[in-house]
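A closer look at the structure
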Amino acid sequence: MTLPGFYYQTMNIRSILVLAISHLYLCLSVNAQYDNVWAFGDGAGIDFNFTPPKAIQTGIGSTTLGTTLEASSVVCDSSGKLLFYTDGDQVWDRNHQVMPNGKDLPGSRKNITHSAAQGALIIQMPGYRDKYYVFSLGMKEDRFFYGRVYYSIVDMSMNNGWGDVDSNFKGVLLDSFLMEGMIGVAGNGCNIWLIVSAEDTIFKTYNIDLDGISNTPLCSYRIWNAQTSNRIGFLNISPDRSKLICADGDALILYDFDSGSGEISNPFILRNGNGYDYYYSAAFSEDNTKLYAVAGDPLRGLIQYDLLAGDSLAIINSRVTLDDGTYGQLRLGPDGKIYVTNPVIAATSSSLSVVNNPNLKGTSCVFEKHGFDLNIGGRSRTGLPNIAAIVTNKEIYIDNVVDTAYCSDSMLLQPNNLNGKNYTWEDGSTSPDRYIYESGIYWVTYLNSSPGRCEEYTDTFKIVLNKIKRTYTTTEFEGMCAADTFFMQANNLNETNYLWEDGSTATGRKINKTGTYWVSYQNDSLCERFADTFIVVYPEDEYRVSFMVDTLICHNDTVHFQNTSDPHFDDFKWSFGASDFSILKDPQYVYPEAGSYTVTLTGTIKGLCPDTAQQIIVIDPRLEARFITDKDSICQGESIMFTHNMNKETITDLHWQTGDRNDFSTFDNEIRHAYDRPGTMPLMLTAQFRACPTSSFSDTVYVSPLPLIDFGQDTKLCLTGSPVILKNRHAADVQHYLWNTGDTTETLHITHPGMYSLTVRGVPLGCSTTETIEVKKDCYIDIPNAFSPDGDGINDYFFPRQLLSGNVTAFKMQVFNRWGQIVFETIHTNGSGWDGQYQGKDQPEGSYVYHIVISINGREETYTGNVTLIR
């Protein structure tokens, strides 16, 4: 049953509905109090919630980047309470503190907005009470960021209701190549128009609605295209949203504005300065009939136009100069007065000028210079706050529903309009409908965004649930065998609508197997429901015999059997799998042999309903650790093999201790190990079994040391000196000597240089050791390695004079070039040597090979090397 505002389900036929629907239509006017607090300049502010307005001090301009010169925007709630304000670079909360994430909105790391005429703008996000767009427009003084507009989102539900900037939407670039004019205008639907003035003679109008900011703006032609440094494109909208004024630097131009389509059309030039004067700002009177503008040199001052004067020429000629001073921005206040900043750029003022009756013509408007005193420390600069844009054509509908539901545990609530957006229930849920399970008051708010409409609904539901009384019972049946059939009935046999879990509708039914069964039925007159549950257990399904036992036992240990059968069993028989039996409930048994056995337990209930359980247990044999070695004694460095023949299946660890701190674990049957030091080494094998006790076995092995050889330090042999005698200084326990010369003597006489080695074999195992020594040549002066035959008398010849002595009996020297050709040869010991020529020609620089053979006292020596010829 669907009713306006809600839907509910019930299981009985009684339902009483009392429906009271009331509609409250609340139209929010353009003059709502969203603009009741201003913040601008250097800490200046006005609170229009007082009559007359009250000057206040704000946090704006309190930044290391300097005072806010022009840009600012402020927003209040519908009652005029301050929410937050911004200069386009920072955001301050209602306590005049910068929000935690409210710094550097454009991400420029500098204030790029403070000197833009309308560098900051706040627009409420359509469809959201607590979310606002903050637009930041770059000033023309910044060559890089000029004309760039960014947006951020302030969420007032963040930071415990003080508000903060959503980090996911901070400094998002929207457009570029713009002038300094930017305003927001409420549309005719659930939308806001964002209007900016572009440099290429067009206006761009962005539609902001429930779907966000449009990707493509509506472009309208802007007729003025003067190329001067004074172009700012300051914009303002008439209170009735029908006219747009643009102070375009060198021109003051009036346009028609369509708040339904966002189109800007029909330009009307009020003033063309032709490059000699400029127009900085403009504002409309509250009744839309007068236009006020600020002009610069030479036609300077505050100007009024009468928009009802007649035709275009009459409107132009209605121009009246109220004061010829220099002023900043104009702004229509919530009190209907127009406020004007006094200073020129880079100056400050402690007051504002005021047009007290802007609707009146000419001087009747009563212009009062310095008419509002900013007397608590704040100072104005050039700018005033840009008007925050709020969706104003909003109607609020409130529907109230009262209902009582009988015999119902829940109710489905639905709003009156299921085609709305942004549903929010009092519990925070956001689905269009919801189930409720308790009596109480519930409400949902949502929007109707149909074309041309912007309505907010609040539907309230006062619900009383008369819940069903329920009675639950549970009955257990047990002790039947498989052949039993059981007839089961509901506990109450005089009610209605019996329904069993299998779909049958009788008051009782037959069952013959274990299971859980239930039946539901009801008493309509008492709004009472019953549910009877029956738990039926048959022994063959649920009663089981079982037992616990260690499944791995060491031979000769007693096995303990623990009977864990259902207590209904009263007769047991055990089969141990080894031809032995027992009728005890918890028997003990010692198996005669190791092996694998299947144990069977059979139980009955008074001789009926037998059940059987089985388990396999393994009896491990008791074993002693044993191993053998292939040798009893070895030489140092030689390996020995250990062998065991144990059953690996019953072992969890085999640990070897070899006596030389090289312990290890392995299951390999054969292990080979070498010792690097001599001595009697203790051996131990420790076996850990999976069921039986740990066992160890010990033995020893003798490691014989290697015989030692010591020649002392390497020695040198002079060509004419005494022979070198080599001898092992450690001759103890040596059986045999063998030199690499073939000699087997204990000592060796050396007359020639070279490498000599000795191998000795010791006792008692014949272990052998080899040592090598080098005998070097010595006692002569090195042969020259370079000469320069340039005729200077120094090193002009290559000759080994220092090698020659009176004992030389034979001598031969040959010199080869790189191709192996002999370029010099002599056998004379008293000659000059090689002069670097061959066959009378100078040989090229480079390296040459010499080969010298000499004989001294019958011993022959050979020398080969390189000599460098230098030119």
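Predicted model, so just to flag it, every value in this text is computed and none were measured. (Residues numbered from 1 in each chain as written. Predicted model: local features only at pLDDT ≥ 70, side-chain atom pairs only at ≥ 80, totals over all residues. Heavy atoms only, no water.)

Here's the deal with the overall build of the protein chain
- The helix and strand tally for the protein chain stands at two helices and 74 strands.
- Across the 871 residues that make up the protein chain, the buried fraction comes to 47%.
- Of the contacts formed within the protein chain by residues at least 6 apart in sequence, a portion of 55% connects residues at least 24 apart.
- Surface accessibility of the protein chain: about 41700 Å² in total, with carbon and sulfur atoms responsible for 49%. (Helix = DSSP H or I, 4+ residues; strand = E, 2+ residues; numbered from the N terminus. Buried < 20%, exposed > 50% of the residue type's maximum accessible area, 1.4 Å probe, protein only. Contact = heavy atoms within 4.5 Å. Areas by Shrake-Rupley, 256 points an atom, 1.4 Å probe, with all protein chains shown as cover.)

Quick notes on the sheet that holds strand E59 (residues 670-674)
- Here we have three strands laid out as an open sheet, ordered E54-E56-E59, and antiparallel in their pairing. Each edge of the sheet is formed by a strand with only one pairing partner; in this case those strands are strand E54 (628-629) and E59.
- Pairing of E54 with strand E56 (residues 639-643), which is carried by two bridges, proceeds in the antiparallel orientation. Residue pairing for E56: Ile 628 is matched across the bridge by Thr 643. (Pairing = 2+ DSSP bridges.)

Notes on the confidence of the model for the protein chain
- The share of residues in the protein chain with pLDDT of 70 or more is 87%, and the mean pLDDT across the chain is 84.
- Contacts from residues 1-31, a stretch scored under 50 in pLDDT, to residues over four places away or in other chains number 83 contacts. (pLDDT = per-residue confidence, 0-100.)

Looking at the side chain of Thr 445
- Mapped onto the elements of the fold, Thr 445 is located in strand E37 (residues 440-448).
- The exposure class assigned to Thr 445 is buried, which follows from its relative accessible area of 19%.
- When residues no more than four places from it in sequence are discounted, the contact partners of Thr 445 are Arg 129, Asn 422, Tyr 423, Thr 424, Tyr 457 and Thr 458.

Quick look at the sheet that holds strand E23 (residues 264-272)
- Spatial strand order, E20-E21-E22-E23: four strands in an open sheet with antiparallel pairing. Here the strands that pair on one side only, and so sit at the sheet edges, are strand E20 (234-237) and E23. The average angle at which neighbouring strand axes cross in this sheet is 20°, direction not considered.
- As paired strands, E20 and strand E21 (residues 243-247) are joined by four bridges and run antiparallel to one another. Of the residues in E21, the one forming a bridge with Asn 236 is Ile 245. (Axes fitted to C-alpha atoms, helices over the stretch in contact; angles between N-to-C directions.)

Regarding the state of the cysteines
- Counted under the stated rule, the structure contains two disulfides.
- The residue that forms a disulfide with Cys 554 is Cys 692, at a sulfur-sulfur distance of 1.9 Å. In this structure the cystine formed by Cys 554 and Cys 692 twists about its S-S bond by roughly 100°; its chirality is therefore right-handed. One end of the pair, Cys 554, is in strand E46 (residues 552-554); the other, Cys 692, is in the loop between strand E60 (679-689) and strand E61 (695-704), and 138 residues separate them in sequence.
- The buried category is assigned to Cys 554, whose relative accessible area is 1%.
- Note that Cys 635 is cross-linked by a disulfide to Cys 767, the S-S spacing being 1.9 Å. (Disulfide = S-S within 2.5 Å.)

Notes on unusual backbone geometry
- Pro 52 follows Thr 51 through a cis peptide bond whose omega is 0°.
- Relative to the elements of secondary structure, Pro 52 occurs in the loop between strand E5 (44-47) and strand E6 (54-57).
- At Arg 109, a residue that is not glycine, the phi angle is positive and equals roughly 60°.
- The class for Arg 109 is exposed, based on a relative accessible area of 77%.
- Within the chain, His 370 stands out as a residue other than glycine whose phi angle is a positive 55°.
- Inspection of the secondary structure assignment puts His 370 in strand E31 (residues 367-373).

Some remarks on the environment of Val 37
- You can see Val 37 is positioned in strand E4 (residues 37-40).
- For the pair Val 37 and Gly 333, spaced 296 residues apart in the sequence, the C-alpha separation amounts to 9.7 Å.
- Ignoring sequence-local partners within four residues, the contact set of Val 37 consists of Ile 46, Asp 47, Asn 49, Ile 56, Val 74, Cys 76, Gly 80 and Leu 82.

Remarks on the environment of Tyr 437
- With respect to the helices, strands and loops of the structure, Tyr 437 is situated in the loop between strand E36 (434-436) and E37.
- Linking Tyr 437 and Val 464, residues 27 residues apart in sequence, is a C-alpha distance of 9.9 Å.
- Beyond its immediate stretch of four places on either side in the chain, Tyr 437 contacts Asp 409, Ser 410, Leu 465 and Lys 467.

A look at the nonpolar core
- Ile 245, Leu 252, Leu 270, Leu 291, Leu 302, Leu 330 and Ile 338 are the most contacted members of the largest nonpolar core, which totals 33 residues.
- Only E21, strand E22 (251-257), E23, strand E24 (279-284), strand E25 (290-295), strand E26 (301-306), strand E28 (330-332) and strand E29 (338-341) provide two or more residues apiece to this core.
- Among all residues touching Leu 330, those that are not within four sequence positions of it are Ser 281, Ala 282, Ala 283, Tyr 292, Ala 293, Val 294, Leu 302, Ile 338, Tyr 339, Val 340 and Leu 384.
- Counting residues in hydrophobic clusters, the runner-up holds 24 residues, among them Leu 137, Tyr 151, Val 196 and Ile 202. (Core = buried A, V, L, I, M, F, W, Y, C linked by side-chain atoms within 4.5 Å.)

Details of the packing of aromatic side chains
- Scanning all chains against the criterion turns up 36 aromatic pairs.
- With a centroid separation of 6.1 Å and 85° between ring planes, the pair formed by Tyr 339 and Phe 372 is classed as edge-to-face. Taken together, the residues Tyr 339 in strand E29 and Phe 372 in strand E31 connect sequence positions 33 residues apart.
- Note on Phe 372: relative accessible area 10%, which makes it buried. (Phe/Tyr/Trp six-rings, centres within 6.5 Å; stacked < 30°, edge-to-face > 60°.)

With respect to the pattern of salt bridges
- With the rule as written, the count across this model stands at 19 salt bridges.
- Asp 175 is the salt-bridge partner of Lys 204, the closest N and O atoms lying 3.0 Å from each other. Here Lys 204 is found in strand E17 (residues 202-209), whereas its partner Asp 175 is found in strand E14 (residues 172-175), with 29 residues between them in sequence. Pair check on accessibility: Lys 204 and Asp 175 agree, each one buried.
- Via salt bridges that share partners, Lys 290, Asp 306 and Lys 361 belong to a single interconnected network. (Salt bridge = Lys/Arg side-chain N within 4 Å of Asp/Glu carboxyl O.)

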